[in-house]
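Structural features, examined
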Amino acid sequence: MGRQQATFWLLAAALAFHTVAIAHRWDRLGHGPYVDMFEVLSSNVWSLHLAAVLVFLGLPRLRPALAATLPLLAVLTVWMWFTPMKDTLAPVTYATIWLPVHVTFGKFFLGLAVPATGVGLVLLCRRAFGVSISSLPDSDALETDIHRLLLVAVVFQSLMLIAGAAWAQHAWTRYWGWDPLESWAFVTWTATLLFLHLRPRSSARPMLAAFFSLLIFALAFYTFFGVPFISTSP
């Protein structure tokens, strides 16, 4: 068994055990994994590793780029390990179908943005350090892959914002309030649209794609895992 196959089966086994753990906690507490920091990290560790497995199965040409993607996921995993696990009740404002819909669309968005970031890191390493992975396509082909991933990602990102607005209307009787979370989500969405707008006009598409894939990931990471837990907004 090669290294890639071994990595795949280890990921698949870990994902299976993690699925059982999340399902057990969900059944015990009566709400989805999106209330406290531990649950948010756990559910995203699960969904992003699932995205890595799907990339491995569905996009064989990008399998070597997982070497750049998995360390990003390891950061979330270690963070989850050191986050206190406690039983948290869901607030009343979470009692709506729009919240799980909003969260699901967000996971699809991140699940597409993270492999795009891994490919972007490969492009940067090629340019800055001359690192070459012979089994990967050339830079133009990788740039096309980033573009396709982010093109689909922005659809789910837009649906995430729409579902979030519906949740806000149900919970706080307003669709949009420009609180820190909404503002940073809008900034992240704008950055994705900006990349898609600039790409046809760029003469250095691989570097543009690499830069924006990392920028979008950084903004999304802060929006998903930073703002909700430091903001004092309701």
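Coordinates for the structure precede this section.
Residues numbered from 1 in each chain as written. Predicted model: local features only at pLDDT ≥ 70, side-chain atom pairs only at ≥ 80, totals over all residues. Heavy atoms only, no water.

1. Remarks on the overall build of the protein
The helix and strand inventory of the protein stands at 8 helices and 0 strands. When the helices and strands of the protein are placed in sequence order, the string is α-α-α-α-α-α-α-α. Computed over its C-alpha atoms, the radius of gyration of the protein comes to 18 Å, within 12% of the 17 Å expected for a compact globule of 234 residues. Along the first, second and third principal axes, the C-alpha atoms of the protein reach 55 × 45 × 25 Å. (Helix = DSSP H or I, 4+ residues; strand = E, 2+ residues; numbered from the N terminus. Rg over C-alpha atoms; globule rule 2.2 N^0.38 Å.)

2. Some words on unusual backbone geometry
In this structure, Thr173 takes a positive phi of about 55° despite not being glycine. Structurally, the position occupied by Thr173 is in the loop between helix H5 (139-172) and helix H6 (180-198). Judged by its relative accessible area of 63%, Thr173 falls in the exposed class. Located in the positive-phi region is Trp178, a residue other than glycine, with phi close to 55°. Its place among the elements puts Trp178 in the loop between H5 and H6. (Buried < 20%, exposed > 50% of the residue type's maximum accessible area, 1.4 Å probe, protein only.)

3. Thoughts on the nonpolar core
Among the nonpolar cores identified, the biggest contains 53 residues, and Phe109 and Phe225 are the most heavily contacted of them. Elements with a contribution of two residues or more to this core: helix H1 (3-29), helix H2 (37-58), helix H3 (66-81), helix H4 (98-129), H5, H6 and helix H7 (205-225). Discounting residues that sit within four places of it in the chain, Phe109 has contacts with Ala153, Phe156, Gln157, Thr188, Ile216, Ala220 and Phe224. Grouped together as the second largest cluster of nonpolar side chains are 5 residues, Tyr34, Val35, Val103 and Trp167 included. (Core = buried A, V, L, I, M, F, W, Y, C linked by side-chain atoms within 4.5 Å. Contact = heavy atoms within 4.5 Å.)

4. What to know about a nonpolar patch on the surface
Taken together, the side chains of Trp184, Val187, Tyr222 and Ile230 present a nonpolar region at the surface, about 350 Å² in accessible area. Tracing the sequence through the fold places Trp184 in helix H6. Residue class for Trp184 comes out partly exposed when judged on its relative accessible area of 32%. (Patch = residues over 30% accessible without salt bridge, like charges linked within 9 Å, V, L, I, M, F, W, Y side chains within 5 Å. Areas by Shrake-Rupley, 256 points an atom, 1.4 Å probe, with all protein chains shown as cover. Salt bridge = Lys/Arg side-chain N within 4 Å of Asp/Glu carboxyl O.)

5. A short note on the packing of aromatic side chains
This model, assessed by the stated rule, comprises 19 aromatic pairs. For the pair Phe186 and Trp189, a centre-to-centre distance of 5.8 Å together with 45° between the ring planes defines the contact as tilted. In this pair, Phe186 and Trp189 are both assigned in helix H6, 3 residues apart and thus about one turn of the helix distant. Residue Trp189 is classed as partly exposed on the basis of its relative accessible area of 23%. Three or more aromatic residues link up through ring pairs in this structure, and these residues are Trp79, Phe109, Phe217, Phe221, Phe224 and Phe225. (Phe/Tyr/Trp six-rings, centres within 6.5 Å; stacked < 30°, edge-to-face > 60°.)

6. A closer look at the side chain of Ser47
Tracing the backbone through its elements, the reader meets Ser47 in helix H2. When its relative accessible area of 8% is taken as the criterion, Ser47 is described as buried. One polar contact links the side chain of Ser47 to the main-chain carbonyl oxygen of Asn44, over a distance of 3.3 Å. (Polar contact = N/O pair within 3.5 Å; in protein donor to acceptor, adjacent residues only side chain to side chain.)

7. Remarks on H6
Over its 19 residues, H6 runs 27 Å from end to end, which matches the ideal 27 Å to within 8%, given 1.5 Å per residue. Every buried residue belonging to H6 is among Glu182, Ala185, Thr188, Ala191, Thr192, Phe195 and Leu196, and all of these are buried. Tucked inside the fold, the buried residues of H6 contact H4, H5 and H7. The opening residue of H6, the one whose side-chain oxygen lies 3.1 Å from the backbone nitrogen of Leu181, is Asp179. (Expected span 1.5 Å × (residues − 1).)

8. Focus: the pattern of salt bridges
Close approach of charged atoms allows side chains of opposite charge to pair. In total, this model carries 7 salt bridges according to the counting rule given. With its nearest N and O atoms 2.9 Å apart, the salt bridge here joins Asp87 to Arg28. You can see Asp87 sitting in the loop between H3 and H4 and its partner Arg28 sitting in helix H1, a full 59 residues away along the chain. Taking the shortest distance from any N to any O, the salt bridge between Arg174 and Glu182 comes out at 2.5 Å.

9. Concerning the packing of H5 against H7
For the pair H5 and H7, interaxial distance at closest approach is 9 Å and the crossing angle is 30°. Here the hand of the crossing between H5 and H7 comes out left-handed. Residues Ser139, Asp140, Glu143, Ile146, Leu150 and Met160 of H5 lie in contact with H7, whose contacting residues are Arg205, Pro206, Ala209, Ala210, Ser213, Ile216 and Phe224. Taken together, the residues of the contact of H5 with H7 break down into 8 nonpolar, 2 polar and 3 charged. (Axes fitted to C-alpha atoms, helices over the stretch in contact; angles between N-to-C directions. Left-handed = near helix turned anticlockwise from the far one by under 90°. Nonpolar A, V, L, I, M, F, W, Y, C, P; charged D, E, K, R; others polar.)

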